Amino acid sequence: MSALRAVKEAGFAGIELNRFMTHKLPATIRLFTRLSGMAMGAGGNLPWKEMLAESGLSVIALHSDLGTLEKNLEDVLKEAASYGTRRIVLTGMYHFDYSDDVALTDLIARLNRVGQTAADRGYDFLYHNHNCEFVRIRENSCKAEEKDHAGMVAYDRIIAETDPALVSFEFDAYWPAETGADPLVWMEKLGRRQHLLHLCDRGTRPAGATASIRRSGEMELGQGNMPLGKILAQAKENACQAVILEQHDGWVNKNAISSLQVSGAWLETHLGETAAEAKRKSEEKGIL
């Protein structure tokens, strides 16, 4: 509960939830999630509704995996509604080859099917990217009649072939930048289909004399080298509905609360909001 209070005190109006936070999940999924670098804790054992009510934080969206969305979508939609949100986000794919054109064709069809059911029930279905979507499609994975897909970036196909009426996007700006891609180019391609933005900075911390090459990673907003001002401007151009801080590691002082306080202060300044205004706008900012 103290963590949620700290989130609120740092100026954030809401959080995102993932079903691995609200449910006890199979050991394999928990293992893959930890290996991806995301801390999980004991979320499945926590009284989230009571804690959120006490903290005054809203829920921006509910994340889930694709298998669960296909098998138990009605349950996921009901859970989202119970938290006061009508946004469902596909967190990401496990052990999926985005360079395989045939597999990508199947994935796009699956996304459209889930999106259709969600839309029929009045929910927004969003696809959340990582860095794996920014690979190029292998020619030897393409069918003879689809050789023109060879060399395309997988994310391009996902944007082009998912139905805009059924599939929206939660764009994570950090991950394409991590691959060397320009996040602004992709945000321009998404346009009004980008309903949410995941944001953190990228760079290296001062550490005195070091070797010639240092590994970069996630950082608090304003502490690294991402073009954050331009990203926020493009998000506003896209009519993005919420800006969500997401930083898995690399926290200042090795403390997640200190980290979100630094980023929260940066957002207060650069989103042009006072703390009082943030209270009145329940979905201007969020945190995952």
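First, a word on what this report is: a plain description of the structure on this page. Please read these numbers as outputs of a predicted model, since none were measured by experiment.

**Thoughts on the overall build of the chain**
(1) Moving on: For the chain, the helix and strand inventory stands at 12 helices and 10 strands.
(2) Moving on: Counting over 288 residues, the chain shows a buried share of 50%.
(3) Moving on: Contacts in the chain between residues at least 24 apart in sequence constitute 74% of all its contacts with a sequence separation of at least 6.
(4) Moving on: Counting only carbon and sulfur atoms, one obtains 51% of the accessible surface of the chain, whose full area is about 13400 Å².

**Overview of the pattern of salt bridges**
(1) Moving on: Taken as a whole and judged by the stated rule, the model has 9 salt bridges.
(2) Moving on: A salt bridge links Asp 156 to Lys 189; the shortest N-O distance between them is 3.1 Å. Highlighted residues: Asp 156 in helix H7 (residues 154–161) and Lys 189 in helix H9 (residues 183–190), separated in sequence by 33 residues.
(3) Moving on: On the basis of relative accessibility, which here comes to 22%, the residue Asp 156 falls in the partly exposed class.
(4) Moving on: The exposure class of Lys 189 is partly exposed, given its relative accessible area of 43%.
(5) Moving on: Overlapping salt bridges bring together Asp 101, Arg 157 and Glu 161 as one network.

**Focus: helix H6 (residues 101–120)**
(1) Moving on: Counted at 1.5 Å a residue, the expected span for H6 with its 20 residues is 28 Å, and the 29 Å between its end C-alpha atoms agrees.
(2) Moving on: The complete set of buried residues in H6 reads Asp 101, Leu 104, Leu 107, Ile 108, Arg 110, Leu 111, Asn 112, Val 114, Gly 115 and Ala 118.
(3) Moving on: Check the buried side of H6 and you find it contacts helix H5 (66–82), strand E3 (87–90), strand E4 (124–128) and H7.
(4) Moving on: Where H6 begins, the capping side chain belongs to Asp 100, and its oxygen is found 3.0 Å from the backbone nitrogen of Val 102.
(5) Moving on: Phi turns positive, to about 85°, at Gly 122, one or two residues after H6.

**As for the environment of Leu 245**
(1) Moving on: Here Leu 245 lies in strand E9 (residues 242–245).
(2) Moving on: For the pair Leu 245 and Asp 172, spaced 73 residues apart in sequence, the C-alpha to C-alpha distance is 9.8 Å.

**Some words on the pairing of E3**
(1) Moving on: Because side chains alternate across E3, one face comprises the buried residues Arg 87 and Val 89, and the other comprises Ile 88 and Leu 90, equally buried.
(2) Moving on: When strand E2 (residues 58–64) meets E3, the two strands line up parallel, connected through 3 bridges. Looking at the pairing, His 63 lines up with Val 89 of E3.
(3) Moving on: A crossover connection joins E2 to the parallel E3 through H5; in handedness this β-α-β unit is right-handed.
(4) Moving on: Here 4 bridges tie E3 to E4, and the two strands are oriented parallel to one another. Bridge pairing in E4 links Val 89 to Leu 126.

**What to know about the nonpolar core**
Nonpolar side chains in soluble globular proteins generally cluster together in the buried interior.
(1) Moving on: Of all hydrophobic cores here, the largest spans 67 residues; its most connected members are Tyr 155 and Leu 197.
(2) Moving on: Not counting chain neighbours up to four residues away, the residues in contact with Leu 197 comprise Phe 171, Ala 173, Met 187, Ile 231, Leu 232, Ala 235, Cys 240, Ala 242, Val 243 and Ile 244.
(3) Moving on: One finds Ala 61, Leu 126, Leu 196 and Ile 244 within the second-largest nonpolar core, a separate group that totals 7 residues.

The rules behind these values
- Position numbers for residues start from 1 in each chain and track the written sequence from start to end.
- Whole-chain, interface and lining totals are the exception, using all residues; otherwise, since this is a predicted model, local features are given only for residues with pLDDT of at least 70 and side-chain atom pairs are given and counted only at 80 or more.
- Excluding hydrogens and water, the side-chain figures rest on all heavy atoms present in the structure.
- In DSSP terms, a helix is any run of H or I states spanning at least four residues, a strand is any run of E spanning at least two, and both are numbered starting from the N terminus.
- The classification of residues rests on relative accessible area computed with a 1.4 Å probe and restricted to protein chains. Under 20% of the type maximum is buried, over 50% is exposed, and intermediate values are partly exposed.
- Whether two residues are in contact is decided by their heavy atoms, any of which lying within 4.5 Å being enough.
- Where accessible areas are quoted, they stem from the Shrake-Rupley method and a 1.4 Å probe; at the residue level, only the protein chains shown are allowed to cover.
- The term salt bridge refers to a pairing of a side-chain nitrogen on Lys or Arg with a carboxyl oxygen on Asp or Glu at a separation within 4 Å.
- Helix span, as expected, comes to 1.5 Å for every residue beyond the first.
- Residues adjacent in sequence count toward polar contacts only when both atoms are side-chain atoms; beyond that, a polar contact is any pair of N or O atoms within 3.5 Å, and within protein one must be able to donate a hydrogen and the other to accept it.
- Here the rule is simple: two strands pair whenever DSSP picks up at least two bridges between them.
- Handedness of a crossover is defined as follows: with both strands directed away from the viewer, a clockwise route from the first strand across the helix to the second makes it right-handed.
- Nonpolar core, defined: a set of buried Ala, Val, Leu, Ile, Met, Phe, Trp, Tyr and Cys residues in which side-chain atoms within 4.5 Å join the residues together.

Read these as geometric descriptors, not functional statements.
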